Every structure is written in structure tokens, then in C-alpha cells.
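# Examining the three-dimensional arrangement
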Amino acid sequence: MRLFPIALDLNGQRALVIGADGDAPYTVERLLSAGARVSVVAPGQVDGSIEQASREGRLDLHRRAFLEGDLAGAAIVFLVPGDEALSRRLHRELAGAGRLVCTLDRPEASNFANPSVVSASGLTMSFSSHGVSPGTIRRIREDLSALFSDPRFARYIEALRRLRESLPRGPERAARMRRATLGFGLEARLRFPEWLERGDEP
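Notes on the structure follow. Source: prediction; values computed, not measured.

Further remarks concern the environment of L16. Along the chain, L16 falls in strand β1 (residues 14–20). Taking relative accessible area as the criterion, L16 reaches 0% and is therefore assigned buried. Between the C-alpha atom of L16 and that of A36, which follows or precedes it by 20 residues, the distance is 9.7 Å. Leave out the neighbours within four places in its chain, and L16 touches S39, V41, F66, D70, L71, A74, I76, V77 and F78.

The structure is reproduced here in C-alpha cells:
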């Protein structure tokens, strides 16, 4: 799938999530953090975090099957895998109308990718394997979240923010900001499963 990466401003926009288990809680939390008005339609199991968010008034939870009227006003639609017929139909109808629809971990029933996101200390990074290995992407997210949760990084970013705000826009500010980042860097090492090191198949 050829993709054009963008970041959407969903603040105040309505987001519909069909299903409330599996990867839905992670997606719902990201939508809420972006300021979206989230509606969850769930005929089956509901994750505890979604129930809690509903009790707190952070989202609208409807414990029933999907209805066509649920789509009204939705700027973006997510589905939890399970109802393949519904996923295919909504993908066909919504994508055909230029609307955003994603069945989680099902790129063939989506017209955009739902990348994994790391947000720590004011830094946001997104990753996607285009549906090849959500498990690998999840591990990258967990490792990078731990790395950038180092309190020194938060102090570093805050110091850069204060410096930037203290300087007038122009070449001098750009030069000072460049000098302030000298010495910062990452040291990384990749680990692989034993089957790959042996040259075997998984």
C-alpha cells in the first residue's frame, strides 16, 4: 500500500469506534488525547478502560450493534476486526465517498494506516509496518517510550523550549538552537529472534 503520511487535527471532531476490545482501547485513548469527540458502539465485550472513560463522561458508549445512523457526522471511523462483512462494506462505502475508515490491523479494509505512536516529553513519533507485523511495531513503541521517558530528556526539551521562546525569530535564534543540540544523540542496538539468527523460518 502506498501511503501519504499526514497528521490530522481532530480536535472537536466526532470519531466513531465500532468495537470495544482488542486494540480499541489504545485507539480510543489516542483519539481522546487528540481532542476528538469519541463515540464507541460495542455489541460485545467492552474493555475496562473504555467503560471507565464512559463513566467519566469522556466518551459516549453504546452497548449495541452498529446502526447506519452512527456514521452521521463522523470525521473518522475505526472498526475492531471481527465482523468482516461490515468491515468490507464500510470500507467500500466510506472510502468511495472520500471518508476515512480503518479496520484495525486490516489494511485491506482501510484507506489509511493507523500507525503506532510514541508520545513522551513533548516528542511524538509514529511507526507503521503497513500491517505486516503489529507485534514488532508494538515492541518498538514500548522500547522507545521507555527510552524517551528518561527525565533528563524531558528537562532537555523544556530547556530548549525556554531558549526558543526567549530569542527573537531570525538567524541568531536558529544558530543558538543548533548549538544547543550539539552533543545530543541516540545509541541503539537491535536484537532479533533466535530463528532469524539461525537462518530458519519463523
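Now that the structure is up, let's keep going.
All right, on to the packing of helix α1 (residues 24–33) against helix α2 (residues 48–55) then. The contact between α1 and α2 brings their axes to 9 Å, and the two run at 35°. Along its contact with α1, which presents A24, P25, V28 and L32, the element α2 presents S49, I50 and A53. Looking at the contact of α1 with α2 residue by residue, the classes come out as six nonpolar, one polar and no charged.

Time to look at the packing of aromatic side chains. Within this structure, the stated rule accounts for five aromatic pairs. On the basis of an interplanar angle of 35° and a centroid distance of 5.9 Å, the ring pair of F153 and F184 is categorised as tilted. One end of the pair, F153, is in helix α5 (residues 151–166); the other, F184, is in the loop between α6 (171–180) and α7 (194–198), and 31 residues separate them in sequence. For the ring pair Y156 and F184, a centre distance of 4.9 Å and an interplane angle of 15° mean the geometry is stacked. On the criterion of sequence distance, the pair formed by Y156 in helix α5 and F184 in the loop between α6 and α7 is long-range, its members being 28 residues apart. Grouped by ring-pair contacts, the aromatic residues F148, F153, Y156 and F184 constitute a single cluster. In this arrangement the basic side chain of R141 is found over the ring face of Y26, its NZ or CZ atom lying 4.3 Å from the centre.

Another point: α5. Spanning 16 residues, α5 covers 23 Å between terminal C-alpha atoms, matching the ideal 22 Å at 1.5 Å per step. Taken residue by residue, α5 has F153, L160 and L163 as its buried positions. The buried residues of α5 occupy an angular sector of 90° when the element is viewed end-on, so they sit on one face. Facing away from the buried side of α5 by more than 90 degrees, the exposed set consists of P151, R155, E165 and S166.

Before going further, it helps to spend a moment on the pattern of salt bridges. Under the criterion given, the structure shown has 16 salt bridges. Between E29 and R58 there is a salt bridge, and its shortest N-O distance comes to 3.2 Å. Taken as a pair, E29 in helix α1 and R58 in the loop between α2 and β3 (60–62) lie far apart in primary sequence, 29 residues in all. Overall, the relative accessible area of 37% leaves E29 in the partly exposed class. In this structure, R198 engages D200 in a salt bridge whose closest nitrogen and oxygen atoms are separated by 2.6 Å. Judged by its relative accessible area of 54%, R198 is exposed. According to the relative accessible area criterion, D200 is partly exposed, its value standing at 36%. In this structure, a network of salt bridges that share partners links the residues E158, R161, R162 and E165.

Next up on the list: the sheet that holds strand β2 (residues 37–46). Reading across the sheet, the five strands line up as β3-β2-β1-β4-β5 and stay open at both edges, with parallel pairing between neighbours. Sheet topology places β3 and β5 (100–103) at the edges, where each strand pairs with a single neighbour. Across the sheet, the axes of successive neighbouring strands diverge by a mean angle of 15°, strand direction being ignored. Of the pairings in the sheet, the one linking β1 to β2 comprises six bridges and is parallel in character.

Reading the values: the criteria
Residues numbered from 1 in each chain as written. Predicted model: local features only at pLDDT ≥ 70, side-chain atom pairs only at ≥ 80, totals over all residues. Heavy atoms only, no water. Helix = DSSP H or I, 4+ residues; strand = E, 2+ residues; numbered from the N terminus. Buried < 20%, exposed > 50% of the residue type's maximum accessible area, 1.4 Å probe, protein only. Contact = heavy atoms within 4.5 Å. Axes fitted to C-alpha atoms, helices over the stretch in contact; angles between N-to-C directions. Nonpolar A, V, L, I, M, F, W, Y, C, P; charged D, E, K, R; others polar. Phe/Tyr/Trp six-rings, centres within 6.5 Å; stacked < 30°, edge-to-face > 60°. Lys NZ or Arg CZ within 6 Å of the ring centre and 35° of its normal. Expected span 1.5 Å × (residues − 1). Arc of directions from axis to C-beta. Salt bridge = Lys/Arg side-chain N within 4 Å of Asp/Glu carboxyl O. Pairing = 2+ DSSP bridges.

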